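Coordinate analysis (summary)
As a plain string of letters, each chain reads:
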Amino acid sequence: MNRQTRWKQRPDDATWGDFGPDDQLGRLNLLTPEKVLEGVAEVKSGRTFCLSLPLDLPGGTVMNPRRPPPRIQATRRGDYPNMTYPLSRDNARLTDVICDDMVTLALQYSTQWDSLAHMGQWFDVAGNGVPEMVFYNGYRAGVDIVGEQDYRPGAGCHHGSHLGATALGIEHMAQHGIQGRAVMVDIKKHFGIERLAFGYEHLLHILRADNITVRPGDMVCFRTGMDEAIIAMAGTPDGDYLGRHFAGLDGSDGRLRRWIVDNGIVALIADNPAVEILPAHPMNEHVYPSHPLHELCLFRLGTYLGELWHLSELADGLAAERRHAFLLTAPPLRLPGAVGSPVTPVATI
């Protein structure tokens, strides 16, 4: 299905069609070889930082009841667990001891990327006054992103199997590669760890105070300090404490939204679970997105979101050198059809 049949009108400020009628990368198209070289040019000392939480954190299901923690178990060798399995059981002359395991993992349980298929919206793509459930560049629910249940009006049927994202899946992000220039915005340093709807005025204060330059094609990281709290809670997160502290971007702040639109940002990344503060302030009195920043970034712009990253050690390391920019390498799993992915990013400064 091409653009002419997929959509006739696009949302305000959307990049739909700007990178081609069948584009599935969004602003990842701005992460060019030149941007990779810009990132490499930010490497001064060669120090590296792991930006992933341990993937069994935050722990439990307090932060999201739909995402259970990972479960690791051995693969099977016939009826036996294939863990510390001595091959001498099968052949007395063999000396090998084998360990082999598998994991059941909610792909967005811990440090993660959201793909452009993670969140769509009701929107009148046909221009006929009838909203449809669509995703970035007009790709459709039930056609391009397919689950077991078809929730489209008048459908109400089972597809019979989970196909996932046949368009906009995380594999496109992985195949393109995620490496380039990134910048750190240290909210904790400037505003502490109290709960804060972080808007444009807060951002402008930090950009000026720290002399931060954001360029088109950059990835922007926001350190709130929540990662440190999650690690300290050691797998038993205090949902009440986390809910009463730490900043999140104010996705309904019009000037902040305009800054994201105008600056050509490839990705917004934070150490909190949604990048934006939730529950969000409704954008109008009628129908509105529950996640306005997700709506702007994933649905309209094709800007990616990274959540629950471990940013504090990097932020402190950059501050010690009075720097803000670095090389970020952060490929997701190349898992066709997935709408999100765990990631173990590496920052090099």
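Residues numbered from 1 in each chain as written. Predicted model: local features only at pLDDT ≥ 70, side-chain atom pairs only at ≥ 80, totals over all residues. Heavy atoms only, no water.

Under the defined criterion, the tally for this structure stands at 8 aromatic pairs. When the ring of phenylalanine 191 is compared with that of phenylalanine 198, the centres are 6.4 Å apart and the planes differ by 80 degrees; the resulting orientation is edge-to-face. Accessibility expressed as a relative area gives 31% for phenylalanine 191, which makes it partly exposed. Of the residues examined, phenylalanine 198 reaches a relative accessible area of 0% and is grouped as buried. Ring geometry for phenylalanine 198 and phenylalanine 222: centres 6.0 Å apart, planes at 65 degrees, overall edge-to-face. Of this pair, phenylalanine 198 sits in strand E14 (residues 196-198) while phenylalanine 222 is found in strand E15 (residues 219-223), placing the two residues 24 residues apart along the sequence. Aromatic rings pair up to connect Trp7, Trp16, Phe123 and Phe299 into one cluster. Taking NZ or CZ as reference, arginine 6 lies 4.1 Å from the ring centre of tyrosine 139, over its face. For arginine 89, the ring lying beneath its charged end belongs to tyrosine 80, and the centroid distance is 4.5 Å. (Phe/Tyr/Trp six-rings, centres within 6.5 Å; stacked < 30°, edge-to-face > 60°. Buried < 20%, exposed > 50% of the residue type's maximum accessible area, 1.4 Å probe, protein only. Helix = DSSP H or I, 4+ residues; strand = E, 2+ residues; numbered from the N terminus. Lys NZ or Arg CZ within 6 Å of the ring centre and 35° of its normal.)

Glancing now at the sheet that holds strand E21 (residues 346-348). In spatial order, the strands read E1-E21-E19-E13-E15-E17-E18-E8-E20; together these 9 strands make up an open sheet with mixed pairing. A single partner strand is all that each edge strand has here, and the edge strands are strand E1 (48-50) and strand E20 (340-342). Here the strands of the sheet are splayed against their neighbours by 25 degrees on average, with no regard to which way each runs. Examined bridge by bridge, strand E13 (residues 179-186) and strand E19 (residues 325-329) share 5 bridges and lie antiparallel to one another. In the sheet register, glycine 180 faces E19, and the bridge partner there is leucine 328. Strands E1, E13, E15, E19 and E21 of the sheet are contacted by helix H10 (residues 312-320), whose axis makes an angle of about 85 degrees with E13. (Pairing = 2+ DSSP bridges. Axes fitted to C-alpha atoms, helices over the stretch in contact; angles between N-to-C directions. Contact = heavy atoms within 4.5 Å.)

In this section: the nonpolar core. Counting residues in hydrophobic clusters, the biggest one holds 76 residues, and the most contacted among them are Trp113, Val185, Phe198, Phe222, Leu268 and Phe326. If one sorts the elements of this core by residue count, helix H9 (residues 292-301) sits on top with 6 residues. For phenylalanine 198, the contacting residues outside a window of four places in its chain are Val185, Ile187, Phe191, Leu203, Ile206, Phe222, Ala247, Gly248, Leu249, Asp250 and Leu256. (Core = buried A, V, L, I, M, F, W, Y, C linked by side-chain atoms within 4.5 Å.)

A word on helix H8 (residues 254-262). Burial in H8 covers these residues: Leu256, Arg257, Trp259, Ile260 and Val261. Of the surrounding secondary structure, the elements contacted by the buried residues of H8 are E14, helix H5 (200-209), E15, strand E16 (247-249), strand E17 (267-270) and H9. Between the side-chain oxygen of the N-cap and the backbone nitrogen of arginine 255 there are 3.0 Å, and the N-cap of H8 in question is aspartate 253. Glycine 264 sits one or two residues past H8 and shows a positive phi near 60 degrees. (Polar contact = N/O pair within 3.5 Å; in protein donor to acceptor, adjacent residues only side chain to side chain.)

Okay, the pairing of E17 next. By the alternation rule, side chains of E17 split into Ala267 and Ile269 and Leu268 and Ala270, which are all buried. Here E15 pairs with E17 via 4 bridges, running parallel. Bridged to methionine 219 within E17 is alanine 267. The pairing of E17 with strand E18 (residues 304-307) spans 3 bridges and is classified as parallel. Looking across to E18, one finds that isoleucine 269 is bridged to glycine 306. For the segment spanning E17, H9 and E18, crossover handedness is right-handed. (Right-handed = clockwise from strand over helix to strand, strands pointing away.)

Packing of H8 against H9 brings their axes to within 11 Å, and their N-to-C directions diverge by 25 degrees. Taken together, the axes of H8 and H9 are roughly parallel relative to one another. Read as a crossing pair, H8 and H9 show a hand that is right-handed. For the pair formed by H8 and H9, the contact residues are Arg257, Ile260 and Val261 on the first element and Pro292, Leu293, Glu295, Leu296, Cys297, Arg300 and Leu301 on the second. Partitioning the contact of H8 with H9 into residue classes produces 7 nonpolar, no polar and 3 charged. (Parallel < 35°, antiparallel > 145°, perpendicular 65-115°, else oblique. Left-handed = near helix turned anticlockwise from the far one by under 90°. Nonpolar A, V, L, I, M, F, W, Y, C, P; charged D, E, K, R; others polar.)

Backbone torsion omega between leucine 57 and proline 58 reads 20 degrees, so that peptide bond is classified as cis. Within the secondary structure layout, proline 58 lies in the loop between E1 and strand E2 (71-74). Of the consecutive residues leucine 278 and proline 279, the connecting peptide bond is found in the cis state with omega at 0 degrees. Checked against the element boundaries, proline 279 lands in the loop between E17 and H9. We note that phenylalanine 246 has phi near 80 degrees; this positive angle belongs to a residue other than glycine. Counting through the fold element by element, phenylalanine 246 comes out in the loop between helix H7 (239-244) and E16. The buried category is assigned to phenylalanine 246, whose relative accessible area is 3%.

Our focus in this paragraph is the pattern of salt bridges. What the rule picks out here adds up to 22 salt bridges. Here arginine 10 and aspartate 18 are joined by a salt bridge, their closest N and O atoms 2.8 Å apart. By relative accessible area, which is 48% here, aspartate 18 ends up partly exposed. For the salt bridge of glutamate 228 with arginine 223, the shortest nitrogen-to-oxygen distance reads 3.6 Å. Residue glutamate 228 is classed as partly exposed on the basis of its relative accessible area, which comes to 29%. Connected via shared salt-bridge partners are Lys35, Glu38, Glu42, Arg181, Arg215 and Asp218. (Salt bridge = Lys/Arg side-chain N within 4 Å of Asp/Glu carboxyl O.)

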